[in-house]
Amino acid sequence: MSSNKMENADGHLVATLQDSLSKLPASMVCFSQSLRHLFNENKVTGQDEATKTYLEVRDNTRQNAVVYTEKLLPLSEKVVRSIGYFADYFEDLEFEDWSECLDDLIDDVEKAEGFCDLLKHMHNTMITNLKANEDKAKVGIEMLEKMSLQYERDSQDLKSKALERTDSAETTRTWGNIFAPLTMGISKAVCDSIARQGDIVAKESTALATAKKENADIAQEAVALTSTYLIPAVKDFVAGLEVCSMFLNVTKERLTKMKNQGSKGTKKPYYLMMKKQSTEINRNCMKFLSITDMMRTDLQSIPSDVSDKNYVDTWLDQQLEEFRKQHHDASFLETSKKWFKSIRMGSVKKPSPSNQSPGQTF
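Model, not experiment: these values are computed from the prediction. (Residues numbered from 1 in each chain as written. Predicted model: local features only at pLDDT ≥ 70, side-chain atom pairs only at ≥ 80, totals over all residues. Heavy atoms only, no water.)

Trainee: Summarise the overall build of the protein chain; cite the residues concerned and give the values.
Mentor: Scanning the protein chain from N- to C-terminus turns up 9 helices and 0 strands. Across the protein chain, helices and strands are ordered from the amino to the carboxyl terminus as α-α-α-α-α-α-α-α-α. Per-residue burial over the protein chain gives 46% buried out of 362 residues. Look at the contacts in the protein chain between residues 6 or more apart in sequence, and 86% of them connect residues 24 or more apart. Accessible area for the protein chain stands at about 18,800 Å²; split by element, carbon and sulfur atoms hold 53% of it. (Helix = DSSP H or I, 4+ residues; strand = E, 2+ residues; numbered from the N terminus. Buried < 20%, exposed > 50% of the residue type's maximum accessible area, 1.4 Å probe, protein only. Contact = heavy atoms within 4.5 Å. Areas by Shrake-Rupley, 256 points an atom, 1.4 Å probe, with all protein chains shown as cover.)

As structure tokens, then:
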């Protein structure tokens, strides 16, 4: 490949990365806010089979939210920070210093690629988990739609009965007032008591009708959130990760080739092109990282269950083992386990100025 074609290919790859990085926050926020809205505002209640089916699907989704909060979100931050660190090498170092750091840079990119592939694997598993619920969700939706129609009919029946009860109560009071003088007020007291009972039944019927109508509306909105926003948001994020993974893979091969050739001829143009792009890459990385705390707040507001911790640990062990079988990389598996253990212990921190790698700003 000629130098001009190679430079054009590099430029296109970086532009594609920039585009993906700029879009990742939108899909992440959509995912977290939809889940928060689903659990904290759209509270479907009831004991009918349709509602139980929906709630089972929703609880499975909740477990995915816990996994995302504790494992995938920190790993997403790590991958994006790694891309930012890569850009820092170009932004903060002059060409000669950058050339001397190629070994370190290649090593960093290789690790970032591994974590990006692991993150992509985990997101694809989450999509699989969500899709596994789709058939059940579809059944639930059909049942909920039928339930909604039934609720509408029940609502109308109950409102009609409530109106009848109200009319009956008023009629009873009227007759009590008419006969009150003849019965020394006894008939009025009796009729008022009967009327009050009628009022109570009327209010209960109206309240039940309203509750059933609201339940149907909430169920429909919740179903729409799941099918319209949750799964598409994760798919969009995976598409972005595909671009990040491709960028890291191509970059690793490109840098390795430069190192082996040992010539400034291919290094300098690449360095200058990346130096021009480094500020924008960092800006997009910071944009992504700036919304993760908001995502954490959204996801942590979702009610948890005592079984969630065991589910998360089991899920992570399964994913790491599956990833090892697919990639045959036992050393990276150990690196991953140590990193996940460190975030569980709370030892992962943002770099301080005293322990930064060349150019690290995150």
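We are not done yet, so read on.
Trainee: An account of the packing of aromatic side chains is requested, with residue identities and associated values reported.
Mentor: Taken as a whole, this structure holds 14 aromatic pairs when the rule is applied. A ring pair is formed by Phe 115 and Phe 332, whose centres lie 5.0 Å apart and whose planes are at 65°; its orientation type is edge-to-face. A residue pair is termed long-range when its members are at least 10 positions apart, and Phe 115 in helix 4 (residues 102–132) and Phe 332 in helix 9 (residues 330–344) qualify at 217 residues. By the burial criterion, Phe 115 is buried, and Phe 332 matches it. Taking 5.2 Å as the distance between ring centres and 75° as the angle between the ring planes, the aromatic pair formed by Trp 339 and Phe 340 counts as edge-to-face. Phe 340 shares its class with Trp 339; the two are buried. Within the aromatic cluster, the residues linked to one another by ring pairs are Phe 86, Phe 90, Phe 95, Trp 98, Phe 247, Tyr 270 and Tyr 271. (Phe/Tyr/Trp six-rings, centres within 6.5 Å; stacked < 30°, edge-to-face > 60°.)

Trainee: Run through helix 9, naming residues and quoting values.
Mentor: End to end, helix 9 covers 21 Å across 15 residues, agreeing with the expected 21 Å (1.5 Å per residue, within 8%). Among the residues of helix 9, those classed as buried are Phe 332, Leu 333, Ser 336, Trp 339, Phe 340, Ser 342 and Ile 343. (Expected span 1.5 Å × (residues − 1).)

Trainee: Any details on the pattern of salt bridges? Residues and values, ideally.
Mentor: A side chain with one charge may pair with a side chain of the opposite charge, provided their charged atoms come close. Applying the stated criterion to the full structure yields 13 salt bridges. For Lys 23, the salt bridge is made with Asp 19, and the minimal N-O distance between the two is 3.2 Å. With Lys 23 and Asp 19 both in helix 1 (residues 3–40), this residue pair falls 4 residues apart, about one helical turn. The shortest N-O distance in the salt bridge between Arg 324 and Glu 321 comes to 2.5 Å. (Salt bridge = Lys/Arg side-chain N within 4 Å of Asp/Glu carboxyl O.)

Trainee: So what's going on with the packing of helix 4 against helix 8 (residues 308–327)? Residues and values would help.
Mentor: Running from amino to carboxyl end, helix 4 crosses helix 8 at an angle of 120°, the nearest separation of the two axes being 10 Å. On the basis of their axis angle, the class for helix 4 and helix 8 is oblique. Relative to helix 8, the crossing made by helix 4 is right-handed. Facing Gly 114, Asp 117, Leu 118, His 121, Met 122, Thr 125 and Asn 129 of helix 4, the residues of helix 8 in contact are Tyr 311, Trp 315, Leu 316, Gln 319, Leu 320, Glu 322, Phe 323, Gln 326 and His 327. Of the residues contributing to the contact of helix 4 with helix 8, the split by class is 7 nonpolar, 7 polar and 2 charged. (Axes fitted to C-alpha atoms, helices over the stretch in contact; angles between N-to-C directions. Parallel < 35°, antiparallel > 145°, perpendicular 65-115°, else oblique. Left-handed = near helix turned anticlockwise from the far one by under 90°. Nonpolar A, V, L, I, M, F, W, Y, C, P; charged D, E, K, R; others polar.)

Trainee: How would you sum up helix 8? Please name residues and give values.
Mentor: Its 20 residues give helix 8 an end-to-end C-alpha distance of 28 Å, which sits within 8% of 28 Å, the value for a rise of 1.5 Å per residue. Of the residues making up helix 8, those classed as buried are Asp 308, Val 312, Trp 315, Leu 316, Gln 319, Leu 320 and Phe 323. The buried residues of helix 8 occupy an angular sector of 130° when the element is viewed end-on, so they sit on one face. Seen from the buried face of helix 8, the exposed residues on the opposite side, beyond 90 degrees, are Asn 310 and Lys 325. (Arc of directions from axis to C-beta.)

Trainee: Which residues make up the environment of Glu 7, and what values do they have?
Mentor: Position of Glu 7 among the secondary structure elements: in helix 1. Overall, the relative accessible area of 36% leaves Glu 7 in the partly exposed class. Taking C-alpha positions, Glu 7 is 7.5 Å from Pro 269, a pair spaced 262 residues apart along the chain.

Trainee: Residue-level account of the environment of Asp 107, with values.
Mentor: Mapped onto the secondary structure, Asp 107 falls in helix 4. In the structure, Asp 107 is positioned 149 residues away from Thr 256 in sequence and 9.9 Å away in space, judged by C-alpha atoms.

Trainee: Before we move on, could you go through the nonpolar core and cite the residues and values that matter?
Mentor: One finds Tyr 68, Trp 98 and Leu 255 to be the most contacted residues of the largest nonpolar core, which totals 76 residues. For this core, the secondary-structure elements that each account for two or more residues are helix 1, helix 2 (49–92), helix 3 (95–100), helix 4, helix 6 (186–261), helix 7 (264–300), helix 8 and helix 9. For this core, the element with the most residues is helix 2, which contributes 14 residues. When residues no more than four places from it in sequence are discounted, the contact partners of Leu 255 are Phe 86, Trp 98, Leu 102, Leu 105, Ile 106, Val 109 and Tyr 270. (Core = buried A, V, L, I, M, F, W, Y, C linked by side-chain atoms within 4.5 Å.)

Trainee: Describe the side chain of Asp 117, listing the residues and the values that go with them.
Mentor: Along the chain, the position of Asp 117 falls in helix 4. Those residues within four positions of Asp 117 in sequence are excluded, and the remaining contacts are Ser 245, Phe 323 and His 327.

Trainee: I'd love a proper account of the packing of helix 4 against helix 9, names of residues and values included.
Mentor: Two numbers describe how helix 4 lies on helix 9: the axes approach to 11 Å, and their chain directions differ by 75°. Classified by the angle their axes make, helix 4 and helix 9 are roughly perpendicular. Across from Lys 111, Gly 114, Phe 115, Leu 118 and Met 122 in helix 4, the residues of helix 9 making contact are Phe 332, Thr 335, Ser 336, Trp 339 and Phe 340. In terms of residue class, the contact of helix 4 with helix 9 is made up of 6 nonpolar, 3 polar and 1 charged.

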